[in-house]
Amino acid sequence: MAPTPRIAGSRRRGGSQPRWGLLVFPAALFMVFFFAWPLGQMIFRSFTDPAMGLDNYARFVQTPSGVRSLLETLAMSAVVTLTCAVVGYVYAYAIRFASRRVAALLLLAVIFPAGVNLLVRTFALQVVLRDTGIINQLLMRLHLIGEHLTLIRTEFAVALGMTCMLLPYMVLPIYSVMRGINPDYVQAAAGLGARPVIAFARVFLPMSLPGLYAGSLIVFVAGLGFYVVPQLLGDNGGGRFLSQYTADYMAQAEWGYGSAIGTILLLVTLTTLAIAARVLKVGEILRMSFGGAR
Amino acid sequence: MKRARGVDGLVALLVAVVTAAACGGGNGSSASTPGTTTKSLVVVNTGGDWGACQRKSFFDPFTAKTGIAIVDGPFLTDGQIKAMVQSKQYNVDVVYPSANLALPSAGKNVLEPIDYQVVNKAELAAGTYTTYGTSIDIYAWAMGYRTDKFGGQTPKTWADFFDTKRFPGKRAMPGDNDVPAVLYAALLADGVAPDKLVPLDVNRALKKLSTIKSNIVWYATGSQGQDLLKSGEVTMGQEYANRVTSLRDAGSPVDISWDGQVVAGDLMGVPKGDPNAAAAMKFIAFVTSKDVNGTFSYCAAGAPSNVKSTPNPKIANDLPTTHLNQTHVVETSEALAEYVAAHLDSITTSFNNWRSG
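Residues numbered from 1 in each chain as written. Chains lettered and ligands numbered in written order. Predicted model: local features only at pLDDT ≥ 70, side-chain atom pairs only at ≥ 80, totals over all residues. Heavy atoms only, no water.

**What to know about the overall build of chain A**
A count of helical and extended segments in chain A gives 14 helices and zero strands. Along chain A, helices (α) and strands (β) appear in the sequence α-α-α-α-α-α-α-α-α-α-α-α-α-α when read from the amino end. For chain A, the proportion of its 294 residues judged to be buried stands at 41%. The contacts in chain A between residues at least 6 apart in sequence include a share of 71% that link residues at least 24 apart. (Helix = DSSP H or I, 4+ residues; strand = E, 2+ residues; numbered from the N terminus. Buried < 20%, exposed > 50% of the residue type's maximum accessible area, 1.4 Å probe, protein only. Contact = heavy atoms within 4.5 Å.)

**Describing the state of the cysteines**
For the structure shown, the criterion picks out one disulfide over all chains. Between the sulfur atoms of B:Cys53 and its disulfide partner B:Cys299 the distance amounts to 1.9 Å. Its torsion about the S-S bond being 80 degrees, the disulfide of B:Cys53 and B:Cys299 is classed as right-handed. Here B:Cys53, found in helix α2 (residues 48-66), pairs with B:Cys299, found in the loop between α11 (290-293) and β8 (303-304); they are 246 residues apart in sequence, far enough to count as distant. Note on A:Cys84: no disulfide assigned, nearest cysteine sulfur contributed by A:Cys164 at a separation of 8.8 Å. By relative accessible area, which is 37% here, A:Cys164 ends up partly exposed. (Disulfide = S-S within 2.5 Å.)

**Observations regarding the side chain of B:Glu233**
Inspection of the secondary structure puts B:Glu233 in the loop between α8 (222-230) and β6 (236-240). Note on B:Glu233: relative accessible area 4%, which makes it buried. Of note is the side chain of B:Glu233, whose polar atom sits 2.9 Å from the backbone nitrogen of A:Asp131. Residue contacts for B:Glu233: discarding those within four places in its chain leaves A:Arg130, A:Asp131, A:Thr132, A:Ile152, A:Arg153, B:Lys170 and B:Leu228. (Polar contact = N/O pair within 3.5 Å; in protein donor to acceptor, adjacent residues only side chain to side chain.)

**Some details on the pairing of β6(B)**
All names here are of chain B. β6 sits mainly inside the fold: five of its five residues count as buried. Pairing of strand β3 (residues 134-146) with β6, which is carried by five bridges, proceeds in the antiparallel orientation. Note that in β6 the partner of Trp-141 across the bridge is Tyr-240. With two bridges connecting them, strand β4 (residues 171-173) and β6 associate as parallel partners. Its bridge partner lying in β6, Arg-171 is registered against Met-236. (Pairing = 2+ DSSP bridges.)

**Some remarks on the packing of helix α4 (residues 64-97) of chain A against helix α10 (residues 196-224) of chain A**
Residue and element names in this part refer to chain A. Look at α4 against α10: their axes get within 9 Å of each other, and the N-to-C directions meet at 140 degrees. By the angle between their directions, the pair α4 and α10 is classed as oblique. For α4 against α10, the interelement crossing comes out right-handed. Across the interface between the two elements, Thr-73, Leu-74, Ser-77, Ala-78, Val-80, Thr-81, Cys-84, Ala-85, Tyr-89, Tyr-93 and Phe-97 from α4 touch Phe-200, Phe-204, Leu-205, Ser-208, Leu-212, Ser-216, Val-219, Phe-220, Gly-223 and Leu-224 from α10. The residue makeup of the contact of α4 with α10, split by class, is 15 nonpolar, six polar and no charged. (Axes fitted to C-alpha atoms, helices over the stretch in contact; angles between N-to-C directions. Parallel < 35°, antiparallel > 145°, perpendicular 65-115°, else oblique. Left-handed = near helix turned anticlockwise from the far one by under 90°. Nonpolar A, V, L, I, M, F, W, Y, C, P; charged D, E, K, R; others polar.)

**Points about a nonpolar patch on the surface**
Residues and elements named next belong to chain A. Residues Leu-29, Phe-30, Met-31, Val-32, Phe-33, Phe-34 and Phe-35 make up a contiguous nonpolar surface patch of roughly 740 Å² in combined accessible area. Relative to the helices and strands, Leu-29 resides in helix α2 (residues 25-48). Among the residues examined, Leu-29 registers a relative accessible area of 51% and is labelled exposed. (Patch = residues over 30% accessible without salt bridge, like charges linked within 9 Å, V, L, I, M, F, W, Y side chains within 5 Å. Areas by Shrake-Rupley, 256 points an atom, 1.4 Å probe, with all protein chains shown as cover. Salt bridge = Lys/Arg side-chain N within 4 Å of Asp/Glu carboxyl O.)

**Comments concerning the nonpolar core**
One recurring pattern in soluble globular proteins is that nonpolar side chains are buried together. Residues and elements named next belong to chain B. Phe-161, Met-173, Leu-183, Tyr-184, Leu-200, Leu-209 and Phe-351 are the most contacted members of the largest nonpolar core, which totals 56 residues. Ranked by the residues each element gives to this core, the list is headed by helix α6 (residues 179-189), at 10 residues. Among residues more than four places away in sequence, those in contact with Leu-209 are Phe-162, Met-173, Val-182, Leu-183, Ala-186, Ile-216 and Trp-354. The next biggest cluster of nonpolar side chains, apart from the first, holds 47 residues, and it includes Val-42, Trp-50, Phe-59 and Val-119. (Core = buried A, V, L, I, M, F, W, Y, C linked by side-chain atoms within 4.5 Å.)

**Digging into the environment of B:Val44**
Residues and elements named next belong to chain B. Mapped onto the elements, Val-44 comes out in strand β1 (residues 40-44). The spacing of Val-44 and Leu-76 is 32 residues in sequence and 7.9 Å in space, taken between C-alpha atoms. The contact partners of Val-44, leaving out residues within four places of it in the chain, are Gln-54, Phe-59, Gly-73, Pro-74, Phe-75, Val-92, Val-94, Val-95 and Tyr-96.

**Notes on the side chain of B:Gln224**
Positionally, B:Gln224 belongs in helix α8. Those residues in contact with B:Gln224 that lie beyond four places of it in its chain are A:Leu232 and B:Tyr219.

**Observations concerning the packing of α10(A) against helix α13 (residues 255-280) of chain A**
All names here are of chain A. The contact between α10 and α13 brings their axes to 10 Å, and the two run at 170 degrees. By the angle class used here, α10 and α13 are roughly antiparallel. Side by side, α10 and α13 meet where Tyr-213, Leu-217, Phe-220, Val-221 and Leu-224 of the first sit next to Leu-265, Thr-269, Thr-272, Leu-273, Ala-276 and Leu-280 of the second. Of the residues that constitute the contact of α10 with α13, the class distribution is nine nonpolar, two polar and no charged.

**Quick notes on the packing of aromatic side chains**
Under the counting rule described, the total for this entry stands at 26 aromatic pairs over all chains. Ring geometry for B:Trp158 against B:Phe161: centres 5.1 Å apart, planes inclined by 75 degrees, an arrangement best described as edge-to-face. One end of the pair is B:Trp158 and the other is B:Phe161, both in helix α5 (residues 158-161) and three residues apart, which spans about a single turn. As far as the burial class goes, B:Trp158 and B:Phe161 line up, both buried. Ring pairing ties together the aromatic residues A:Tyr89, A:Tyr93, A:Phe97, A:Phe200 and A:Phe204, which thus form one cluster. Taking the ring centre of B:Trp354 as reference, the NZ or CZ of B:Lys213 above it sits at 4.7 Å. (Phe/Tyr/Trp six-rings, centres within 6.5 Å; stacked < 30°, edge-to-face > 60°. Lys NZ or Arg CZ within 6 Å of the ring centre and 35° of its normal.)

Encoded structure:
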């Protein structure tokens, strides 16, 4: 995990500014002690506690509820990434081409809720979605429905809740990349005879994709670790998240088994990132999204 | 383009801040360090009305008597208690182990044996103290129900709980909190006598639970269960008894049935090797003593574990201990707890596999 920026830097820049690399040391030291070391402990434990070997992993593979949780976690994160991508792209596009005042308002509307505690927002959604909640009461009072709609304790509720929580991480990188796209290109396309749809699809969309990829990566990886939202909005039967499943065993101090599950999730995450790195050139994307487009 | 770049920087900064805000959110646990000479003890205090009542009836009087200050500590799960003992970082001197951890088999490497020379167990209710833990109060899982949903019919037993034809609606059960209690309720409903629960027939319990599986809403914390009943999301629930009676007293259309209640004690224990163990034993003895133990019921609906103490007569009818003449299960009794502790892993796994299936 320890980065070696000095070597990489000196190779590329011919050793002209090696001293700046030293600035990374406090952060690197911090990461080694508070991230890499405990993470290593966890991985070590998964193979040694209670006994040496692959027992913990075998146990997980042989437990249907565990495997089901892993699949549910992956599937739900994928779905949420997709909904965030669709909603987030449209939203970012709206910000990009709105007037300055409206754009500022739209941006605030994304960022402000993200500052409110996740637990509070999840409870708020519970009040909105439940059988005796705002939506159902309103629809029943208007006599649009006779029996309450089943909104809460469903996978739909989990997807909705997670989309709410993760949308900012999709919108902001996309918007950031979109800001760097010169609208003159789109106009030029139109001037050369492209209809608006074609101009968007052939010119604007490809240039904005790095933002979309970056946002999708962040949302997917963050989604894998969710606990509160599925706990409070999900049905907690078939669709339990891996984090919920793990909590049962951590409370019983089964560190080895819990560590194995953690390691499996880590592996899944790293695999995702590795594939993304190959296909999408992650470094380039992140630089474009967060370093500001040039 | 200078301005534009500034905005991009701002966006990047916001992403960073928002990410940090979302990824944080741990439960800032904050136990202070106890001195090696006991001037103060850190005792778990779970807060709320319950915690305030504990401070008033137990903590402050103890300080007044002994001069030892009591500092509120965070609740620790069994896993956290074990971790604390392993690392010898004694942040909390008096903890709440589960009934399973307080047993001779599980507790010996984690907890100090309760010093029954100091704590007077002769006065404590049967089944509410073990080698490594002493109940300071008695609580119960009982059946709470809505009085406005069944057309005047009143459910009485766990069999009624499983009868969704006569008593329609959803059921709240603490599947993320106390799996054994859920299984006891199902077995009682299926006609098993309380003294025949061991060995626990998990498959039979799950078969019974399957009959209402689609109606069950699983919950994790007492407040969630209470909220489900209060909002009418469920028409019945296996709930903490005190949470049902407090809802009723606050005007909600709910009531409680004590038949088949699962009684348990809030066990206090002391981490093994704790430098303040002697003072901690004194504290537990004080809290469970005849004159002190009953005072708690004047500010919270917790029944005294000391049978010689006098509970608040006004709420006597709402205390689990008043209804022990009816069918009940004592969850903290050694026979039951010992069996559950020995099989907890397979019970949890069977239950999870069934639940996710």
